[in-house]
Amino acid sequence: MSSTYVRVGGLEVHPVLKGCIENEITPGTGISAAKFWKDLETILREFTPKCDALLKKRDSIQAQIDAYLLERQGKEWDAGAYTAFLANIGYIVPEGPEFKVDTQNVDPEIASIAGPQLVVPVDKARFALNAANARWGSLLDAFYGTDAGPPETAGLEKGKSYNPARGAEVFKLTHKFLDDFFPLSGGAKYNDVVEFKVNGSSLQIVLKNKKIISLVDSNKFVGYNKNGSALTSVLLKNNNLHVDIQIDRNHSVGATHAAGVKDVVLEAAITAIADFEDSVSAVDAEDKSVIYRNWTGLMKGTLSDKFMKGDKQVSRVLNQDKSFVSAATGKPFMLPGRVVFLVRNVGLHMMTDAVKFADTGRMVPEGLLDLMITALASFHDVGPAAKSLQNSRTGSVYIVKPKQHGPEEVQFTVDTFSRAEQLLGIPTNTLKIGIMDEERRTTVNLKECIRPAKSRCIFINTGFMDRTGDEFHTSFYGGPFLPRAGVKKAPWLQAYEDWNVDTGIETGLLGVAQIGKGMWAAPDSMADMLKTKGAHPKAGANCAWVPSPTAATLHVIHYHETFVQAVQQRLAAGGHRSKLSDILLPPFLGSTKITPAEIQRELENNAQGILGYVSRWVGLGIGCSKVPDIHDVGLMEDRATLRISSQHVANWLYHGLVTREQVIETFKTMAQVVDRQNGTTEGYHAMSPEFKNNEFQAALEMVFNGINAPNGLTEWTLTKFRRAEKARQNGSRL
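Residues numbered from 1 in each chain as written. Predicted model: local features only at pLDDT ≥ 70, side-chain atom pairs only at ≥ 80, totals over all residues. Heavy atoms only, no water.

### Considering the sheet that holds strand 19 (residues 363-365)
Phase 1: Read across the open sheet, the four strands follow the order 1-2-18-19; overall the sheet is antiparallel. On the outer flanks of this sheet lie strand 1 (6-8) and strand 19, each paired with one strand and no other. Between one strand axis and the next, the sheet turns by 55° as a mean value, whatever way the strands run.
Phase 2: Note: strand 2 (residues 11-13) against strand 18 (residues 351-357), three bridges, orientation antiparallel. Residue pairing across strands places Glu-12 opposite Lys-356, the latter belonging to strand 18.
Phase 3: Sitting on the sheet, helix 2 (residues 33-71) is in contact with strand 1, strand 2, strand 18 and strand 19, with an inclination near 125° to strand 18. (Pairing = 2+ DSSP bridges. Helix = DSSP H or I, 4+ residues; strand = E, 2+ residues; numbered from the N terminus. Axes fitted to C-alpha atoms, helices over the stretch in contact; angles between N-to-C directions. Contact = heavy atoms within 4.5 Å.)

### What to know about unusual backbone geometry
Phase 1: Cis rather than trans, the peptide bond between Ser-688 and Pro-689 has omega equal to 5°.
Phase 2: Mapping Pro-689 onto the fold places it in the loop between helix 23 (660-677) and helix 24 (694-704).
Phase 3: A positive phi angle, close to 70°, is found at Asn-240, a residue other than glycine.
Phase 4: Of note, Asn-240 is situated in the loop between strand 9 (230-238) and strand 10 (241-247).
Phase 5: The class of Asn-240 is partly exposed, set by a relative accessible area of 28%.
Phase 6: A positive phi angle, close to 55°, is found at Phe-691, a residue other than glycine.
Phase 7: Mapped onto the fold, Phe-691 is located in the loop between helix 23 and helix 24. (Buried < 20%, exposed > 50% of the residue type's maximum accessible area, 1.4 Å probe, protein only.)

### Some thoughts on the pattern of salt bridges
Phase 1: Following the criterion strictly, the structure yields 55 salt bridges and no others.
Phase 2: Of the charged contacts in the structure, one is a salt bridge between Asp-524 and Lys-626, with a shortest N-O distance of 3.0 Å. Of this pair, Asp-524 sits in the loop between strand 23 (514-517) and helix 16 (526-532) while Lys-626 is found in strand 25 (residues 625-628), placing the two residues 102 residues apart along the sequence.
Phase 3: Judged by its relative accessible area of 46%, Asp-524 falls in the partly exposed class.
Phase 4: The class of Lys-626 is partly exposed, set by a relative accessible area of 37%.
Phase 5: Where salt bridges share partners, they join Asp-275, Glu-277, Asp-278, Arg-344, Lys-403, Glu-438, Glu-439, Asp-466, Asp-470, Arg-639, Arg-643 and Glu-715 into one cluster. (Salt bridge = Lys/Arg side-chain N within 4 Å of Asp/Glu carboxyl O.)

As far as function goes, none of this settles anything; it's purely spatial.
What follows is the structure, given as structure tokens:
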């Protein structure tokens, strides 16, 4: 046994993790450290062999698909034969009888309020706090500070201090928002409003011409606040979402507005996923302890952080709930000041040496460790010790599970949740499950994946990057794939998106769970997001991912435009829109002709994307950040970008569209581009001119080992090289 580990029963535990659990997480839960370690060992010994068996089954199924595709290389694609083959090997399972989910005790933020969802790397306390507090966001700030607002023409620049001229244009956009969703009687416009008044339960609006009018729909006025006799806040509500018009004529902004409006604050991000997985770089006990500590702080309501912003130190804590006076009753009431957090644990395939079996020295399934510590920390929120800053007001813990392959793996997850509840003394079905539909074996069996989780399911979603990466690896030997732009236009993608929504509706997720869509990756392109991301609620998704609190404030406009529940009800009446045969049609190049120049551009784009992300993950320990693409456009990237890009290059290499030498030379050229892009990044380790550092070698290994990487995943390569880089930086070896 390594001297750095501590023996606890039949486990060896890294001392950093042991200290975190015993000193920071268990106190206040009512569960002793001794009981927790015993319960952890119990669940690890019960479920590790089952986890191993499921991973072996993944490999066995993939080997059979590989053999099938190899035998048919060059032949015409036979969709019927392929579907029959997949059913014969158990890849597609028989569909059972109709059922509906019956999940109970779900917070309305998940069950009935449609809106934006953030995904935040929980290893950074500052980012976790930003996400938590993104429940409310300033529409004025969102328009003022992004390209969704006025163009920065002469006189309308953002500047270092508030520009009243730009502010006036921002108010015009904000008034347009209010005109659209809270229209005034008689066709009046908010540009003409000079005063808001509350008379009993009614909102009175005074225009420049002294005329007093009201809202077209008076029911949208739901609350207010006053300071003495002065009205300071008007609370409106549309599609279950609140809007707070804040009034202060003495404020620097309010003084410029005819009605004294200093801000219009929207209920913005409704939920957020605290991520233990793709958006973090966590490779050892020290890294995992930071994640567990921050998750515990969120559950306790005590998470805080101090950081420098410019030359000033800033302190950040969790926001309090917001208080209003009810327009209907005149009595005070509260609205949540923070998002409701879900938490994404790692998948079945990850192992960690933060804890090891003492008798064999082998690592344990990281997902089981995540589960037990997630549940333990959540006692601070849903356990007997009540607190003011609650996450779930219904006593639930929402755990999103990624990269599950088919119903058996979902059943495994449900069984582990049930066992964790039994061991820790948690009421049955407290631990809810979110099922990420990002592996093809889950997509084609989605209904049967939801079935074993029907009393726990609170979330399904789609994700282009991981789902495409799995498609590439699953169909690797069938032929070269289209360029990625072509892949997005191939029939399978829209079929997959529709299939997910329709299956969620069919299984009764309406009013119970979230049906989600993927990330808008360009945080600096808010104008484009406003133009296009409205397609997500129109498609029946009651949540969709955004890269920042500001993006959430703007994306929520789409949920004012579209009442998602009505869309879902309309879709429910229409039945399934997509066919299994379309989902199972791989995006092969086929007869499509591409030139050598087009091939090289695609290779450069993939290489730059891989290197741009890997250089930060391996070299800096950053799992999610705004990474410049080949055109210097910042994209919010996580680990999924590596899976799709590395599998695409590996596929073209295998099928002869590119050569090994071409790949290496292109990666060297793109490494110089990435070095330039990161020239001012503190701690960045340049890859050129030697091209020998851990960052560069990790990128090449992902491609050259892509054909053998289980399911095309990159986690093992990243972890190996990040640990090597940490050892290099520390002057030792892990």
